[in-house]
Amino acid sequence: MKRYLKSQHVVLAPIIIAIVLVFYGPLLWTLLISFTSSKVLPTYDFVGFAQYERLLANIRWQTAVDNMFIFGFLYVFFCLAIGFFIAVLIDQKIRMESGFRTAMLYPLAISFIVTGLVWQWILHPEIGFQTIVRSMGFESFTFDWLARYDKSIYVVVIAAVWHSAGLVMALMLAGLRGVDDDIWKASQVDGIARWKMYLFIIIPMIKGMFITATIILITHVLKSYDLVVALTKGGPGFSSDIPSKFIVDHLFDRANIGFASAAAVYMLLIMVAILTPFVLIKKLKRV
């Protein structure tokens, strides 16, 4: 037994070392650099929380964080609502179910970069949806959110929901197909309305699917850099900026390693604060 455990340790040692070097190493180095005044190249002259104070006073960063929460809330809400609604429709054993499922899952095969470019063409005020509707005779029709400072972040929401609603649909459909048919038969005997069944019985039964889908969608929010860059480039101005784009811009374009590292650490703390409750809920369920 002892020999077996020792051999296990030998086999796992390279993996553990790789994890420490590749994951925890850069994480600790980023934390260290965030407390320095590093610019183009890293230096180790510690300035305490000066970078964090600059970050919190930066208007662009404040806008980026606000946009992340606006985008995140609307993206998660509409993906869950639309995905669950479509899953319920498909669960009624509709015709051409496989074709409909494929159509809903197709956007997942497209990267966020391609999704952003496609929706940029669709919503462009001069060549997209607005121009097509006006050519039909509706001269006063306006849909120029892509060029509006106060609406651009909602364009990102539209594109992201189109991309990910199919994933939620697949998860919810798997949960619905796992519900015992006897439950539905019992509800019919008792005369319970179908919407009440979904609201009070089915949804609580598949809440694990909702939690899983929510965690996946939140991770999409935190790494939606490519979608924003392809769709709006953070504009007009920085009205649709998000933290990940803010970090990349200051790291590479402005060559400010210390400031970008402080933003990355702050972003990590936000991510941990958001995801921790969901992880705790899943662990408490197992106990």
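Residues numbered from 1 in each chain as written. Predicted model: local features only at pLDDT ≥ 70, side-chain atom pairs only at ≥ 80, totals over all residues. Heavy atoms only, no water.

Participant: Looking at this model, I keep getting lost on the overall build of the protein chain. Mind explaining?
Facilitator: Counting its secondary structure elements, the protein chain contains 13 helices and zero strands. Whereas a compact globule of 287 residues would reach a radius of gyration of roughly 19 Å, the protein chain reaches 24 Å, over 25% beyond that. Overall, the protein chain is about 75 × 75 × 30 Å in size when its C-alpha atoms are taken along their principal axes. Taken across its 287 residues, the protein chain has 38% of its residues classed as buried. Long-range contacts, defined here as pairs at least 24 residues apart, represent 69% of the contacts in the protein chain between residues at least 6 apart. Total accessible area on the protein chain stands at roughly 16700 Å², and carbon and sulfur atoms take up 71% of it. Side chains of the protein chain give 25 positive and 17 negative charges; the mean places of these two sets differ by 10 Å. (Helix = DSSP H or I, 4+ residues; strand = E, 2+ residues; numbered from the N terminus. Rg over C-alpha atoms; globule rule 2.2 N^0.38 Å. Buried < 20%, exposed > 50% of the residue type's maximum accessible area, 1.4 Å probe, protein only. Contact = heavy atoms within 4.5 Å. Areas by Shrake-Rupley, 256 points an atom, 1.4 Å probe, with all protein chains shown as cover. Lys, Arg positive; Asp, Glu negative; His and termini not counted. Charge placed at Lys NZ, Arg CZ, Asp CG, Glu CD.)

Participant: Hey, could you run me through the environment of Arg134 in this one?
Facilitator: Mapping Arg134 onto the fold places it in helix α6 (residues 129–135). Apart from residues lying up to four places away in sequence, Arg134 is in contact with Glu139, Phe141 and Thr142.

Participant: Is there a simple way to explain the side chain of Gln51 in this structure?
Facilitator: With respect to the helices, strands and loops of the structure, Gln51 is situated in helix α2 (residues 50–57). Judged by its relative accessible area of 4%, Gln51 falls in the buried class. In this structure the side chain of Gln51 is engaged in a polar contact, spanning 2.9 Å, whose partner is the backbone oxygen of Thr36. Apart from the residues within four sequence positions on either side, Gln51 is in contact with Ser34, Thr36, Ser37, Ser38, Asn256, Gly258, Phe259 and Ala262. (Polar contact = N/O pair within 3.5 Å; in protein donor to acceptor, adjacent residues only side chain to side chain.)

Participant: Looking at this structure, I do not really get α2. What am I missing?
Facilitator: Turning to α2, its buried residues number three or more, namely Gln51, Tyr52 and Leu55. Angular distribution of buried residues about the axis of α2 spans 95 degrees; they occupy a single face of the element. Summarising the geometry of α2, the exposed residues directed more than 90 degrees from the buried face are Glu53 and Ala57. (Arc of directions from axis to C-beta.)

Participant: Sorry, what's going on with the packing of aromatic side chains here?
Facilitator: Think of a pair of aromatic rings as described by two things: how far the centres are apart, and how the planes are tilted against each other in angle. Under the definition given, this model contains 17 aromatic pairs. When the ring of Phe73 is compared with that of Phe77, the centres are 6.2 Å apart and the planes differ by 10 degrees; the resulting orientation is stacked. Linking Phe73 with Phe77, this pair stays in helix α3 (residues 59–90), spanning four residues, or about one helical turn. For Phe77, a relative accessible area of 45% translates into the label partly exposed. Aromatic pair Phe129 and Phe143: ring centres 6.2 Å apart, planes at 90 degrees, arrangement edge-to-face. (Phe/Tyr/Trp six-rings, centres within 6.5 Å; stacked < 30°, edge-to-face > 60°.)

Participant: Help me understand the side chain of Ser244 in this model?
Facilitator: You can see Ser244 is positioned in helix α12 (residues 243–253). Overall, the relative accessible area of 13% leaves Ser244 in the buried class. Aside from chain neighbours lying at most four places away, what touches Ser244 is Leu222, Ser224 and Tyr225.

Participant: Help me out: how do you make sense of the pattern of salt bridges in this one?
Facilitator: Scanning all chains against the criterion turns up five salt bridges. Here Asp249 ties to Arg60 by a salt bridge, and the two come within 2.5 Å at their closest N and O atoms. With a gap of 189 residues between them, Asp249 in helix α12 and Arg60 in helix α3 connect regions that are remote in the sequence. Assigned by exposure class, Asp249 and Arg60 land together as buried. (Salt bridge = Lys/Arg side-chain N within 4 Å of Asp/Glu carboxyl O.)

Participant: Is there a simple way to explain helix α5 (residues 112–123) in this structure?
Facilitator: Counting along an α-helix, one turn takes 3.6 residues, and residues three or four places apart therefore face a common direction. Here α5 contains 12 residues, and its C-alpha end-to-end distance of 16 Å stays within 8% of the 16 Å for a straight helix at 1.5 Å per residue. For α5, the full list of buried residues reads Phe112, Thr115, Gly116, Trp119, Gln120 and Leu123. For α5, the arc enclosing every buried residue in end-on projection is 135 degrees, short of the 170-degree limit, so these residues lie on one face. Where the residues of α5 are buried, they touch α7 (152–177) and α11 (225–231). (Expected span 1.5 Å × (residues − 1).)

Participant: What exactly am I supposed to notice about the packing of helix α8 (residues 181–190) against helix α9 (residues 194–205) here?
Facilitator: A pair of packed helices can be characterised by two numbers: the angle between their axes and the separation between those axes. Interhelical geometry of α8 versus α9 gives an angle of 145 degrees and a closest axis separation of 11 Å. The hand of the α8/α9 crossing is right-handed. Residue-level inspection shows Ile183, Trp184 and Ser187 of α8 in contact with α9, the latter providing Arg194, Met197, Tyr198, Ile201, Ile202 and Met205. Along the lines of polarity and charge, the residues of the contact of α8 with α9 split into seven nonpolar, one polar and one charged. (Axes fitted to C-alpha atoms, helices over the stretch in contact; angles between N-to-C directions. Left-handed = near helix turned anticlockwise from the far one by under 90°. Nonpolar A, V, L, I, M, F, W, Y, C, P; charged D, E, K, R; others polar.)

Participant: It is not clear to me how the nonpolar core should be interpreted in this structure. Could you clarify?
Facilitator: Where a protein is soluble and globular, its nonpolar side chains tend to be buried together. With 59 residues, the main nonpolar core has Phe71, Tyr75, Leu80, Phe84, Met172 and Leu176 as its most contacted residues. Listing elements by their share of this core, those giving two or more residues are α3, α5, α7, α9, α10 (207–222), α11, α12 and α13 (257–286). For Phe84, the contacting residues outside a window of four places in its chain are Cys79, Val168, Met172, Leu176, Tyr198, Ile203, Ile206 and Phe210. (Core = buried A, V, L, I, M, F, W, Y, C linked by side-chain atoms within 4.5 Å.)

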